[in-house]
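Overview (structure and organization)
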Amino acid sequence: MCGIVGYIGEKQAAPILLDGLAKLEYRGYDSAGLAVYKDGAISVQKAVGKLVNLVNKTDGGASLDGTLGIGHTRWATHGKPNETNAHPHTGSRFSLVHNGIIENEAKLRRKYLKDTEFVSETDTEVIVRLLDKFTEGGEDVDVAIMHLIDVLEGSYALAIIDSLDGDRMYAVKNKSPLLIGKGEGFNMIGSDAMAMIAHTEWFYEIHDKEFAIVSRDGVEIFTSYSQKIDREPYKAELDLSDVSKGTYPFFTIKEIEEQPLVIRRVLKEYQDETGELYIPEEILKDLRECDKIYIIACGTSYHAGIVGKYFFENISDKPADSYVASEFVYNTPKLTEKPFFIFISQSGETADSRAVLVKIKKMGYKALTITNVKGSTLSREANHTLLLYAGPEIAVASTKAYTAQVAVLAILAAAVENKIGINLKYELAVVANTMEGLCSDSELYSDLAREYLQNTRNCFYIGRGIDYYVCLEAALKLKEISYIQTEGFAAGELKHGTIALIEEGTPVIAIITQNNIDLNTRSNIDEVNARGAKSLIISMRSVSSHGDQIVVGDVHEMLAPLVSVVPAQYLAYYASYQRGYDVDKPRNLAKSVTVE
Ligand code: F6R
């Protein structure tokens, strides 16, 4: 979603801002803009579409002179993606960029801005007009910001510059992520450490309803009632190489191929000093004491969640269910007496999941967040956190975070109670090796994508049991990056209606890894073949048959999702690549979905 970067220092700000915005492109956006201060005036440039349009318009930032500025990539929520609605928004004195949604904007317009003429359709313009209003009588900017925090309802991360002051910028935050990058002779603001990592690895957190005054040589953080906060910066565990593609054409393929390494890293991070797999006791206590585990997530993380449900029920013999967050929040099922909640989120910032977390906390229940991002909102607000250690996931389509989520869930389930005696340390090592083997077969996946997916409009993934759960993820991957309409289907359910959609040549991909249902899924494949489908089978060696197009090496049946998903990720990647799409940044999508 939207990205923010701000810079104050000795260098020309605009090229640094453009570079920071480029690092945030992965989040998804449809327009971009810059505002730069120079000699008591603010110059603004905006462009719709890719960032390169703004780069060209500003001659790589050379045409915007000044050493203080802010930049933004916007993913439209209020109003169309056009230049007027793009950020920064500028009033008579201030210019600002905003991530989030102001929920009471209509009320604020009525109460404070009745006579104000608005130029854009955005809620953000309300903020900049309010700031103008609150400083109209000569009030200090920090007092006006406190007033702003007092009246704004909703989520906001703001970077603000003032045409009357070339020596500072302001950062304000509530619910949306925002960090301050600490430099030598310069400081930065960013919605994400990646926007700043080329310049600094030291960051200050700002918490909800706090604001910061950021100058060339200092950062001061305050509460909304002006109390100065003494906060130490922290060093980011992020490396510049983590956020570059290296020799890969796209982050998606780099991240698919990092998966063996990610599984090994997860194994290492979850071992204690004796080499045994380890989950902190306080987390296990909450899980053991509850009478049901409620797993809450969205999209791919939800798909990891349903595999997690399977693990809790089949490894720890513990009742569990997985729910789509956006449904759970407004259509909450009847809860058991002692529920415990697990939130799964790569970014840790997903608004739908957070809405559930806020709700269940109000009800007095405890929660664990499983996330890739240390210090993210869902992590901070839950009682416990388990990290994924997948490294930054830049491509919009989640791949390595999914497999890390599934691996962590398996370790967690076995730590709660290992009823089946699975030796996860050994079995996950086998998974990593098998994944590595799969990654050396990319030519096969590329050929199959060309043969089965190049010209099709639609496609089906079918499977049963845990394979069905992987089909849901495989279908999401294919549809989101190749735009082929794809459905993941329970193989046995197909004949109850959906089989009507099978025509001559419709690709149907079956995932078959489980011994107890392989023959059933194969007979469903026979049914679709008889109606003209072009079937492709991804099977695990122990249940494979002659003629299966993709055979994955054997792993413990319970862990099959970790390997069967890999060829499906490759097929999605090649289908998108062969159609000439920007695989990393599919249309309409954002990496971190911070609005409900
Ligand atoms: C799909 C994808 C999304 C996310 C979903 C939740 O490839 O990435 O479906 O899984 O938006 O995001 P997180 O995991 O950050 O909460």
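Residues numbered from 1 in each chain as written. Predicted model: local features only at pLDDT ≥ 70, side-chain atom pairs only at ≥ 80, totals over all residues. Heavy atoms only, no water.

1. Describing the packing of helix α4 (residues 124-135) against helix α5 (residues 141-151)
Here α4 crosses α5 at 130°, and the two axes come no closer than 9 Å. Classed by the angle they form, the pair α4 and α5 counts as oblique. Between α4 and α5 lies a crossing whose hand is right-handed. Residue-level inspection shows Ile127, Leu130, Leu131, Phe134 and Thr135 of α4 in contact with α5, the latter providing Val141, Ala144, Ile145, His147, Leu148 and Val151. Partitioning the contact of α4 with α5 into residue classes produces nine nonpolar, two polar and no charged. (Axes fitted to C-alpha atoms, helices over the stretch in contact; angles between N-to-C directions. Helix = DSSP H or I, 4+ residues; strand = E, 2+ residues; numbered from the N terminus. Parallel < 35°, antiparallel > 145°, perpendicular 65-115°, else oblique. Left-handed = near helix turned anticlockwise from the far one by under 90°. Contact = heavy atoms within 4.5 Å. Nonpolar A, V, L, I, M, F, W, Y, C, P; charged D, E, K, R; others polar.)

2. Some points on the site of the ligand
If you check the shell around the ligand, you find 14 residues, and the closest are Ser301, Ser345, Ser347, Thr350 and Glu480. Here an oxygen atom of the ligand sits 2.7 Å away from a polar atom, N or O, in the main chain of Gln346. Taking a 2 Å distance to the grid points as the criterion, the majority of the atoms of the ligand fall inside the second largest pocket. Elements with a minimum of two residues in the shell around the ligand: α9 (299-314) and α16 (466-482). Here the residues of the shell around the ligand are counted per class, giving four nonpolar, eight polar and two charged. (Near = heavy atom within 4 Å. Polar contact = N/O pair within 3.5 Å; in protein donor to acceptor, adjacent residues only side chain to side chain. 1 Å grid on protein atoms, 1.4 Å probe; cavity = no way out; pocket = protein on both sides within 12 Å on 5 of 7 lines; lining within 4 Å. Sits in = over half its atoms within 2 Å of the grid points.)

3. Section: the environment of Leu17
Assignment of secondary structure puts Leu17 in helix α1 (residues 13-24). In the structure, Leu17 is positioned 391 residues away from Val408 in sequence and 36 Å away in space, judged by C-alpha atoms. Excluding anything up to four places from it in sequence, Leu17 contacts Val5, Gly6, Tyr7, Leu34, Val36, Gly69, Ile70 and Gly71.

4. A few points about the state of the cysteines
Covalent bonding between the sulfur atoms of two cysteines defines a disulfide. This model, assessed by the stated rule, comprises zero disulfides. Cys459 takes part in no disulfide bond, and the closest cysteine sulfur to it belongs to Cys471, at a distance of 10.0 Å. Taking relative accessible area as the criterion, Cys459 reaches 1% and is therefore assigned buried. (Disulfide = S-S within 2.5 Å. Buried < 20%, exposed > 50% of the residue type's maximum accessible area, 1.4 Å probe, protein only.)

5. Some thoughts on the packing of aromatic side chains
Summed over the entire model, instances satisfying the criterion amount to 20 aromatic pairs. With centroids separated by 6.4 Å and ring planes inclined at 25°, the aromatic side chains of Phe341 and Phe343 adopt a geometry described as stacked. With a relative accessible area of 0%, Phe343 lands in the buried category. Taking NZ or CZ as reference, Arg587 lies 3.7 Å from the ring centre of Tyr483, over its face. (Phe/Tyr/Trp six-rings, centres within 6.5 Å; stacked < 30°, edge-to-face > 60°. Lys NZ or Arg CZ within 6 Å of the ring centre and 35° of its normal.)

6. Thoughts on the packing of helix α15 (residues 442-453) against helix α18 (residues 560-578)
In helix packing, the relevant descriptors are the interaxial angle and the interaxial distance, both defined with respect to the helix axes. At a closest axis distance of 8 Å, the pairing of α15 and α18 adopts a crossing angle of 60°. What the angle tells us is that α15 and α18 run oblique. Of the two possible hands of crossing, α15 and α18 adopt the one that is right-handed. Between α15 and α18, the contacting residues are Ser442, Tyr445, Ser446, Leu448, Ala449, Arg450 and Leu453 on the first element and Pro567, Tyr570, Leu571, Tyr574, Ala575 and Gln578 on the second.

7. Description of the pattern of salt bridges
Tallied over the full model, the rule gives 28 salt bridges. Across the pair Lys400 and Glu258 runs a salt bridge, and its minimum N-O distance is 2.6 Å. Placement of Lys400 in helix α13 (residues 400-416) and of Glu258 in the loop between α6 (251-257) and α7 (259-269) is noted, with a sequence separation of 142 residues between them. Judged by its relative accessible area of 17%, Glu258 falls in the buried class. (Salt bridge = Lys/Arg side-chain N within 4 Å of Asp/Glu carboxyl O.)

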